[in-house]
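The primary structure of each chain is shown beneath.
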Amino acid sequence: MLQLREYQQRSLDALSTYFKETCKYGAKMAFIAQTERPYRSVPSLSEMPYVCLRVPTGGGKTLMASYALGTATHDYLQAEHAVCLWLVPSNVIRDQTLAALRDRQHPYRQALDAHFVGNVRVMDLKEALYVQRGTLDGETTIIVSTLAALRVEDTDGRKVYETAGALQHHFTGLSPALRDILETEGEGQVIYSLANVLRLRRPIVIMDEAHNARTKLSFDTLTRFNPSCVIEFTATPVTTHKPEQGYFASNVLHHVSARELKEAEMIKLPIKLRTRPDWREVIADALQQQRELEKTALEEQKETGEYIRPIVLFQAQPQSQERTTFTVSVVKQALIDDFRIPAEQIAVATGDTRELDDVDLFDPACQIRFIITVQALKEGWDCSFAYILCSVAEQHSARSVEQLLGRVLRMPRASRKNKPELNCAYAFAASNSFVETAHSLKDGLLENGFERMEADDLVTPQDTAEPSLFGSDGLNLFTQASEVVTEQPDLSVLPAAIVQHVTFDPSSNLLTVQGAITESQMTELQSCFTQDKDRSAVERIYHRLQGRTVVASAPIREPFSVPGLAVCMNGALELFDDSHFLDTVWNLSECDASLSEGDFSSTLATGAAGEIDVSQSGQVETRFVDQLHDQLSLIAMEPGWTVASLANWLDRQIPHPDITQAQSSLFIQNVVMNLNETRGLSLEQLARLKFRLRNAVEAKINGYREHQRKTCYQQTLFGPDRVELTVEPDCCFTYSEDRYSPNWYYEGGWRFNKHYFRLIGELKSDGEEFDCAQFLDNLPQVKHWVRNLERRPESSFWLQTSTDRFYPDFVAELTDGRYLVIEYKGEDRWSNDDSKEKRAVGDLWADRSAGKCLFVMPKGRDFAVIMDAVQ
């Protein structure tokens with residue numbers, strides 16, 4: 001089964017957390033608490049969880065959706081199986097999704113089978129009109145459709161709402177509470193429709209490319225199916241919220257950045273752009289690039305065995321009666337006649353000509369290297385061999401390039417190549433304005449789900465001189481360039497018009513120029529230096545700001561490596577982690593198996609109003625979840641339960657890879673018997689509350705597990721037989737531009753001068769952590785620092801605690817060579833157990849470094865402790 005990438009797991013973890021919190025506090029309160037952003041309710045579905053996971057093009061949205069269905073079923077519905085309405089934007093995507101979900105060898109289906117133990121049924125809308133009640137009772141049933149096909153105006157859509165004799169058996173034996181939620185006709189006659197079957201089953205809605213479906217009409221359609229929740233997956237969520245006009249913004253729960261995709265080796269970046277005014281010259285450049293890439297690909301194949309055949313996507317112009325255009329036929333004829341390209345290497349893909357249908361472009365026997373289209377390839381078309389986008393049309397809008405741009409971003413086999421040329425994408429355009437074309441490409445990246453700050457970094461010039469990059473509005477595409485110099489310049493002698501562009505960092509001897517300078521200004525800046533090599537550095541800065549790649553390499557950033565807390569095992573150092581203290585044997589079956597009323601309430605809650613102090617809105621939302629669970633329990637067919645069968649069911653539902661089944665089954669059986677004998681709860685009552693019981697037993701086991709981990713951890717680090725820990729440069733964390741992949745970026749107005757990377761990840765523009773970062777940046781003892789990213793074990797500094805890895809907020813190198821690690825804590829959290837444990841391991845790391853490392857945890861805004869530490 002295909003393993004999730006780290007960014008995919010982080011997204012799904014965020015979804016899991018949200019659903020668990022929704023069960024406690026309701027959709028709105030859970031969203032606000034998790035994201036610190038407002039929740040946009042849809043009027044007809046106001047109490048229902050409706051959230052979006054934003055994933056850029058090439059990020060694997062459908063695989064994530066396959067896992068998300070299991071997450072929603074387990075953590076939100078608290079059920080073993082579910083009904084899912086899987087909605088896609090087009091019939092082409094529908095057919096592709098159906099084929100993938102039905103194929104038991106496909107990663108999407110394997111993800112579903114792994115969670116639902118193979119009990120999965122996939123069908124289209126027509127098949128769903130004949131679905132059997134037994135299928136819905138015992139299997140996770142996925143109905144794949146377009147949203148348009150569910151609208152009553154559509155022929156198939158009408159059938160969804162009409163009585164069908166084949167579905168009548170779904171409505172026999174229903175309780176009055178269930179019948180009351182169904183659509184009726186005439187004098188209260190229940191309509192035996194698929195829509196009513198779905199209303200009974202409260203489907204989970206998976207929305208693929210949801211930005212196409214956020215209108216009042218779409219929401220009204222969804223409302224008729226009484227969904228339990230809606231999970232959107234899109235690269236470009238709707239951000240405009242105008243309910244009065246029928247448009248609703250997406251509730252983005254979590255989004256993935258382009259750098260995360262690049263670090264995960266999913267996409268080719270950056271995009272290298274070259275423009276020429278003549279369209280034939282542009283084609284010539286693209287053909288030359290393809291030849292060079294194919295030669296490089298052959299070398300890659302010799303080294304790794306992986307076959308790649310780089311493909312060029314040509315974007316021709318549509319036909320026009322008003323002006324001469326370079327149409328598909330013109331481009332194809334030019335390729336054959338002017339550039340001697342064999343016809344069998346060319347394919348045309350337009351609405352009328354579909355020469356790619358049934359062609360396997362990954363087949364080494366396939367000859368196609370050049371594909372000509374106009375606006376977009378067939379929806380769902382995907383070939384990671386596409387490396388080069390060549391447009392013979394002037395690019396004036398993002399919309400004209402966004403779909404084709406997404407086609408050249410996917411990385412073959414989602415793995416970085418040995419040859420760096422194969423890790424980039426390439427774009428060639430017929431244009432008189434490099435700047436306008438570059439901005440179109442950047443806007444195209446935004447349309448594919450990238451952030452504006454990322455797009456600024458991800459479009460770079462090819463290694464050729466280009467026209468001026470400074471438009472009439474003064475906008476500079478390449479806003480900054482730096483070089484390391486050998487002497488400190490006297491910038492005070494420069495005119496103010498130059499000084500405002502230039503900064504010098506004496507701690508690193510880094511000269512930086514922001515924005516445009518003229519050639520004469522370059523000469524004046526050179527006069528501040530006496531060494532020829534420094535004057536050459538100024539010239540390289542000037543050329544890079546003009547968008548030209550110069551022969552000399554960019555300044556080499558001094559490596560930033562921080563030693564970790566290590567242990568010597570078999571003569572070799574390795575980072576200290578939980579594998580070094582979790583080998584102590586403990587027996588769950590010997591633990592107390594009693595559950596108090598506080599651990600497990602035996603009463604059915606009708607709402608959370610008396611349990612939590614929230615607004616009336618919050619109370620309504622929590623009741624929504626309770627009513628949902630009640631409805632699903634009414635429709636479920638419960639078997640006859642025994643102590644053993646209920647204990648076995650609970651055992652299967654609770655993950656415990658560190659505990660043997662012999663221990664877990666005995667402990668859980670003792671729990672069930674204890675509840676029956678000491679609290680007088682019958683098996684029927686416990687079976688009715690089995691999902692709540694599962695959560696209570698899982699929490700009980702987690703409590704024992706956490707206690708055991710803390711005991712072993714303390715003994716390992718601080719007990720009489722503690723292991724010998726050390727801090728050595730041979731076992732360290734190294735910060736790298738390629739591996740620094742924030743989920744989101746700092747966008748505040750304050751300019752930090754000493755951050756190790758140009759972009760700062762995951763730092764808000766206000767608040768106490770921001771104030772701490774400002775203080776750190778202004779310390780003269782700090783050489784450079786980095787915002788340390790959480791849950792990046794391969795690229796961020798961490799220390800092991802008893803429960804997980806601890807990622808401090810800031811890591812700095814001081815000018816005297818020492819290292820400073822800061823974990824900010826508000827005053828209200830500084831004294832809790834979690835903070836105490838983090839301080840203990842941080843102090844231990846500092847102690848073992850023999851004065852080389854410092855650890856500080858300020859109590860609120862007490863930043864003076866940082867100053868005291870670095871003196």
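Details of the structure are given in the entry above.
In every chain, residue numbers begin from 1 and rise along the written sequence. Whole-chain, interface and lining totals are the exception, using all residues; otherwise, since this is a predicted model, local features are given only for residues with pLDDT of at least 70 and side-chain atom pairs are given and counted only at 80 or more. Derived side-chain values reflect all non-hydrogen atoms in the structure, with water molecules and hydrogen atoms excluded from consideration.

Undergrad: Sorry, what's going on with the overall build of the protein chain here?
TA: Under the DSSP-based scheme used, a helix requires at least four consecutive residues in state H or I and a strand at least two consecutive residues in state E, with every element numbered from the N terminus. In terms of helices and strands, the protein chain carries 28 helices and 30 strands. Three exposure classes are used, based on accessible area relative to the maximum for each residue type with a 1.4 Å probe and protein chains only: buried under 20%, partly exposed in between, and exposed over 50%. Burial statistics for the protein chain: of 871 residues in total, 54% are counted as buried. For the protein chain, the proportion of contacts with a sequence separation of at least 24, taken over those separated by at least 6, is 73%. Surface accessibility in these figures is a Shrake-Rupley result with a 1.4 Å probe; residues are shielded only by whichever protein chains are displayed. Carbon together with sulfur atoms contributes 48% to the accessible area of the protein chain, which is approximately 38000 Å² in total. Contact definition: two residues touch when any of their heavy atoms are within 4.5 Å.

Undergrad: Before we go on, may I ask you to explain the packing of aromatic side chains in this structure?
TA: We describe a pair of aromatic rings using the distance from one ring centre to the other and the angle between the two ring planes. Two aromatic rings from Phe, Tyr or Trp, using only the six-membered ring of Trp, form a pair when their centres are within 6.5 Å; if the ring planes differ by under 30 degrees the pair is stacked, by over 60 it is edge-to-face, and anything between is tilted. Considering all chains together, one arrives at 31 aromatic pairs under this definition. Ring centres of Trp641 and Trp649 lie 6.5 Å apart, and the angle between their planes is 80°; on these two criteria the pair is classed as edge-to-face. Under the relative-accessibility criterion, Trp649 is labelled buried at 2%. When the ring of Phe733 is compared with that of Trp798, the centres are 5.6 Å apart and the planes differ by 70°; the resulting orientation is edge-to-face. Of this pair, Phe733 sits in strand β24 (residues 732-735) while Trp798 is found in the loop between β25 (782-787) and β26 (799-800), placing the two residues 65 residues apart along the sequence.

Undergrad: Help me out: how do you make sense of unusual backbone geometry in this one?
TA: Negative phi values dominate among residues other than glycine, just as trans dominates among peptide bonds. Put simply, Leu269 and Pro270 share a cis peptide bond, and its omega is 0°. By the element assignment, Pro270 lies in the loop between α12 (258-263) and β10 (271-276). One non-glycine residue, Val117, adopts positive backbone phi at about 55°. Mapped onto the elements of the fold, Val117 is located in the loop between α5 (107-116) and β3 (120-124). The class for Val117 is exposed, based on a relative accessible area of 67%.

Undergrad: Before we go on, may I ask you to explain the packing of helix α25 (residues 690-718) against helix α27 (residues 833-847) in this structure?
TA: Two numbers describe a pair of packed helices, the interaxial angle and the distance between the axes. Here, axes are lines fitted to C-alpha atoms. For helices the fit covers the stretch in contact, and angles between N-to-C directions go from 0 to 180 degrees. Where α25 contacts α27, the axes come no closer than 12 Å and their chain directions differ by 25°. Taken together, the axes of α25 and α27 are roughly parallel relative to one another. The handedness of the crossing between α25 and α27 is left-handed. Packed against α25, whose contacting residues are Lys710, Tyr713, Gln714, Leu717 and Phe718, the element α27 presents Glu837, Ala840, Val841 and Leu844 at the interface. Here is the rule for angles: anything less than 35 degrees is roughly parallel, anything more than 145 is roughly antiparallel, 65 through 115 is roughly perpendicular, and the remaining ranges are oblique. Here is the rule for handedness: rotate from the far helix to the near one, and if that takes an anticlockwise turn smaller than a right angle the crossing is left-handed, while a clockwise turn gives right-handed.

Undergrad: Honestly, the sheet that holds strand β30 (residues 853-856) in this entry has me stumped. Any pointers?
TA: Strand-to-strand pairing in sheets goes through backbone hydrogen bonds, with the strands running parallel or antiparallel. The pairing criterion is simple: DSSP has to find at least two bridges between the two strands. Strand order in this open sheet of four strands is β25-β28-β29-β30, and the pairing throughout is mixed. Here the strands that pair on one side only, and so sit at the sheet edges, are β25 and β30. Mean inter-strand twist for the sheet, computed between neighbouring axes without regard to direction, equals 20°. Bridge count between strand β28 (residues 810-814) and strand β29 (residues 819-822): four bridges; the pairing is antiparallel. Following the sheet pairing, Phe810 is matched in β29 by Ile822. Where α27 meets the sheet, its contacts fall on β29 and β30, and the angle it forms with β30 comes to roughly 165°.

Undergrad: Hey, could you run me through the sheet that holds strand β23 (residues 725-726) in this one?
TA: If you trace the three strands from one edge of the open sheet to the other, you get β22-β21-β23, paired in antiparallel fashion. Of all strands in the sheet, those bounded by a partner on one side alone are β22 (572-575) and β23. Two strands pair when backbone bridges link them, and strand β21 (residues 566-569) and β23 are joined in this way by two bridges, in the antiparallel orientation. The partner of Ala566 across the bridge, within β23, is Thr726.

Undergrad: How do you make sense of the pairing of strand β7 (residues 204-208) when you look at a structure like this?
TA: In the case of a regular strand, side chains alternate between the two sheet surfaces. Counting buried residues along β7, five of its five residues qualify, which places the element largely inside the surrounding structure. In this structure, strand β2 (residues 83-88) lies alongside β7, joined through four bridges in parallel fashion. Note on β7: the bridge partner recorded for Leu85 is Val205. With five bridges joining them, β7 and strand β8 (residues 229-234) adopt parallel strand pairing. Residue pairing for β8: Ile206 is matched across the bridge by Ile231.

Undergrad: How do you make sense of the environment of Asn674 when you look at a structure like this?
TA: Within the secondary structure layout, Asn674 lies in helix α23 (residues 661-678). Separated by 79 residues in the primary sequence, Asn674 and Leu595 place their C-alpha atoms 8.0 Å from one another. Not counting chain neighbours up to four residues away, the residues in contact with Asn674 comprise Ala593, Ser594, Leu595 and Arg679.

Undergrad: Sorry, what's going on with the packing of helix α1 (residues 6-25) against helix α2 (residues 27-35) here?
TA: Look at α1 against α2: their axes get within 7 Å of each other, and the N-to-C directions meet at 135°. When the axes of α1 and α2 are compared, the pair comes out oblique. For the pair α1 and α2, the sense of crossing is right-handed. Facing α1, whose interface residues are Ala14, Thr17, Tyr18, Glu21, Thr22 and Tyr25, α2 presents Ala27, Met29, Ala30, Phe31 and Gln34. Residues that form the contact of α1 with α2 fall into these classes: seven nonpolar, three polar and one charged. Here the term charged refers only to Asp, Glu, Lys and Arg, the term nonpolar to Ala, Val, Leu, Ile, Met, Phe, Trp, Tyr, Cys and Pro, and the term polar to all other amino acids, Gly among them.

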